[in-house]
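Report on the structure
For reference, the chains in residue letters:
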There are 2 protein chains.
Amino acid sequence: MTERVILSVDAMGGDDAPFVVIEGMDLALKRMPDLGFLLFGDESKILPLLGRFPRVKALTECRHTPDAVSNDEKAGAALRSGRNSSMRLAINAVASGESSGVVSAGNTGALMAMAKFVLKTLPGIDRPAIATYFPTLRNECVMLDLGANILCDADNLVQFAVMGEVFARHVLKLNQPTIGILNVGSEDLKGHDSVKQAAAILSDTNLPIRFYGFVEGDDIGAGTVDVIVTDGFTGNVALKTAEGTARLFSTSLRAAFKSSLLGKIGALVAMPALNKFRDRFDPRRYNGAMFLGLNGVCVKSHGGTDAFGFSCALQVAHKLIKDQLNEGIKADFARLNVEPSSLDPASQEE
Amino acid sequence: MTERVILSVDAMGGDDAPFVVIEGMDLALKRMPDLGFLLFGDESKILPLLGRFPRVKALTECRHTPDAVSNDEKAGAALRSGRNSSMRLAINAVASGESSGVVSAGNTGALMAMAKFVLKTLPGIDRPAIATYFPTLRNECVMLDLGANILCDADNLVQFAVMGEVFARHVLKLNQPTIGILNVGSEDLKGHDSVKQAAAILSDTNLPIRFYGFVEGDDIGAGTVDVIVTDGFTGNVALKTAEGTARLFSTSLRAAFKSSLLGKIGALVAMPALNKFRDRFDPRRYNGAMFLGLNGVCVKSHGGTDAFGFSCALQVAHKLIKDQLNEGIKADFARLNVEPSSLDPASQEE
């Protein structure tokens, strides 16, 4: 028998919590029967629901807390006053070793602030980053940061690159993943100082990383590289622009099919093909933003997703734990710090 | 009879110049018979082609120049050494009043540097910005800057907002266009200093502008506002991310239809509906990036577009001239500078 993977779950985060959360746990158990849960939240709301999902009930330990972090609460305030919130207690359980990771669909800023405060960053990492998968013409890529760090210096970007590289090897199972820095052109001269300096450090041939160079926004969908590194402002805008464009496309396509009788018939005939297309780009499949660089697995679900989407976020956490991502990041940063090919080019001049 | 609109055209810019350029001029004349051209470039390449397009030949004055700006030339170098290039002479003709605007598919950085040097900026504008249309769920919006200014302070963003507002009124023909600043969240506290300060200035109720507030990347496709203001780094990434996502979608959709017999039949039946959809998102229709804030109309075509795409860039220039955009910008900035509701909130304290 394999060991059970225990996840802390914030029952109170997301638009339709706790119903969507618990139904999502049920869907996740169908695909990952080795899961188990510590569920944090208001028992008066949770217990009646657990009665409807006996499979979840059997594998869940419920911990009552009346407090919850609201969506409009500022991160600092949530950190100070939310010590007994479902979100905070779920994170605490990771730190105490009772669970192997935490998933919440609540306030992103509060989740990051609490996770950073409780779990701390891994050795060698100044700031955690938010990462997610993107579908591409080739397969999929991972991009970070998506909003945790509005301003990033070159060192931050280099750390994101190393974390992303480890992620691509451990989780995407790529042998020699390629890394690109998001910029406004592929020439060395383009962009601002942070991206230019980060590119100079990553171009250092001693680093055990396949650095591709600069990539542009259209390289995300093209799948030019496996890991795309950027600051949190640009990454957040790129992520949401891609989501908005996908929504514009799918809405307009649906409207086009519905605009005429022939369109409706054609859509009906092509239904199986269209369903495959729709499934590939289903945003729920890409739900589950990963907080990388923390001493513990922490995954943020979209607040507005449904049970299937939430189950995908649980799957992301499950995968990060099984693939031992954090052990890989720790090993890589330790190696980088002892070898002469350190992250800091100045150290080579000694 | 209406007055002829004379455009300077750089015959040597773009991947398949001058053929695509001249064929594009031919297509443009079909839609805009009041056009006339000054065509700058290598006569040995141009004259044989003009023989094949008699309609263009009849309405074009050809000016020979052996020099052309290459795509990999740096902007500064092109500015110094390209005094006799087709691009530079095309711009000069706008400054001398021989033409009303210039269109080039050549090196973007060189075009901006030369246009700024020769045409100068309009009064009240520190830096010109690159703008383009985006299709949205509602209709279309305009976004600026898309790459001319990598770093922008609050004043730059405010100037972009005013230019974008004038553009939306004069060219999109909107009565009271709404303006949004691109950010990583809609709350006032999000983002870096430039966007926060710009939002504070634009929120000043004395300004004759409908400032919506912050928007996020997915608001571009949603059409939440008519004008989206951002720095050139973020705008360029957003533009290209949207383009890449659109390409990923259309390529995958085509592959889905082709993956099965039923898919192929369905696509055939729904062809008229699909064609309407395809036309709406045809990237060539959105070709023609506008350099706003210059004392003259300057439009940049994609280097890789075809004749139809180039004709759309010519159409954009034609429209900016007919709609008297620059006169509108001049009037608005003059008005802003004399009224107590100046762009600079400090001036109100006097």
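Rules used throughout
- Residues numbered from 1 in each chain as written.
- Chains lettered and ligands numbered in written order.
- Predicted model: local features only at pLDDT ≥ 70, side-chain atom pairs only at ≥ 80, totals over all residues.
- Heavy atoms only, no water.
- Least-squares fit on C-alpha atoms with pLDDT ≥ 70 in both.
- Contact = heavy atoms within 4.5 Å.
- Pairing = 2+ DSSP bridges.
- Helix = DSSP H or I, 4+ residues; strand = E, 2+ residues; numbered from the N terminus.
- Axes fitted to C-alpha atoms, helices over the stretch in contact; angles between N-to-C directions.
- Buried < 20%, exposed > 50% of the residue type's maximum accessible area, 1.4 Å probe, protein only.
- Arc of directions from axis to C-beta.
- Parallel < 35°, antiparallel > 145°, perpendicular 65-115°, else oblique.
- Left-handed = near helix turned anticlockwise from the far one by under 90°.
- Domains from an automatic or database assignment.
- Buried area = accessible area lost by both parts, 1.4 Å probe.
- Salt bridge = Lys/Arg side-chain N within 4 Å of Asp/Glu carboxyl O.
- Nonpolar A, V, L, I, M, F, W, Y, C, P; charged D, E, K, R; others polar.

**So, the relation of the copies chain A and chain B**
Under the fitted operation, chain A is carried onto chain B by 0.0 Å of movement along the axis and a turn of 180°, and the coordinates agree to an RMSD of 0.0 Å. The transformation relating the two chain copies, once decomposed into turn and shift, fits a two-fold axis. Residue A:G266, judged by its C-alpha, is the member of chain A lying nearest the rotation axis, at 2.0 Å. Comparing interface residues between copies, 100% of those in chain A also sit at the interface in chain B, which points to an isologous, same-surface contact.

**Some remarks on the sheet that holds strand β3 (residues 60–64) of chain A**
Paired through backbone hydrogen bonds, the strands of a sheet run either parallel or antiparallel to each other. All names here are of chain A. Read across the sheet, eleven strands follow the order β3-β2-β1-β4-β11-β10-β5-β6-β9-β7-β8 without closing on themselves; strand pairing throughout is mixed. The strands lining the two open edges of the sheet, one partner per strand, are β3 and β8 (210–215). Each adjacent strand pair in this sheet contributes to an overall mean axis angle of 25°, direction not counted. Pairing geometry for strand β6 (residues 140–144) and strand β9 (residues 227–229), over three bridges, is parallel. The residue of β9 that forms the bridge with M143 is I228. Sheet contacts for helix α1 (residues 19–31): β1 (5–10), β2 (35–41) and β3; angle to β2, the most-contacted strand, approximately 175°. Here helix α7 (residues 154–170) sits on the sheet and contacts β5 (129–135), β6, β7 (178–182), β9 and β10 (289–292); the angle it forms with β9, its principal contact strand, is near 165°.

**Some thoughts on the environment of A:A273**
With respect to the helices and strands, A:A273 occurs in helix α12 (residues 271–280). Remark: the alpha-carbon pair of A:A273 and A:K258, spanning 15 residues in sequence, is separated by 17 Å. Excluding its chain neighbours within four sequence positions, the residues that come into contact with A:A273 are B:A256, B:S259, B:S260 and B:G263.

**Here we look at helix α2 (residues 43–52) of chain B**
Residues and elements named next belong to chain B. Listed in full, the buried residues belonging to α2 are I46, L49 and L50. In an axial view of α2, the angular spread of the buried residues amounts to 105°, which keeps them on one side of the axis. Structural note: α2 exposes S44, P48 and R52 on the side pointing more than 90 degrees away from its buried face. In this fold, the buried residues of α2 make contact with α1 (19–31), β2 (35–41), α3 (54–58) and β3 (60–64).

**Quick notes on the packing of α12(A) against helix α10 (residues 232–258) of chain B**
Closest axis-to-axis distance for the α12(A)/α10(B) pair is 8 Å, and the angle between their directions is 150°. Our classification of the angle between α12(A) and α10(B) gives roughly antiparallel. At the point where α12(A) passes α10(B), the crossing takes the right-handed sense. Between α12(A) and α10(B), the residues in contact are A:A273, A:L274, A:F277 and A:R280 and B:F249, B:S252, B:L253, B:A256 and B:F257, respectively.

**Some details on the domain arrangement of chain A**
Residue and element names in this part refer to chain A. Domain boundaries assigned for chain A yield domain 1 (1–122 + 295–325) and domain 2 (126–292). One C-alpha centre belongs to domain 1, the other to domain 2; they are set 25 Å apart. Listed per partner, the contact involves 23 residues of domain 1 and 21 residues of domain 2. Carbon and sulfur atoms make up 65% of the area that domain 1 and domain 2 hide from each other, which totals about 1800 Å². Across the salt bridge formed by R284 and D306, the nearest N and O atoms sit 2.7 Å from each other. The set of elements that each furnish at least two residues to the side of domain 1 that touches domain 2 consists of α6 (108–119), β11 (297–300) and α13 (307–322). Among the elements that take part in the side of domain 1 that touches domain 2, α13 stands out by supplying eight residues, more than any other. Of the residues that constitute the side of domain 1 that touches domain 2, the class distribution is eleven nonpolar, seven polar and five charged.

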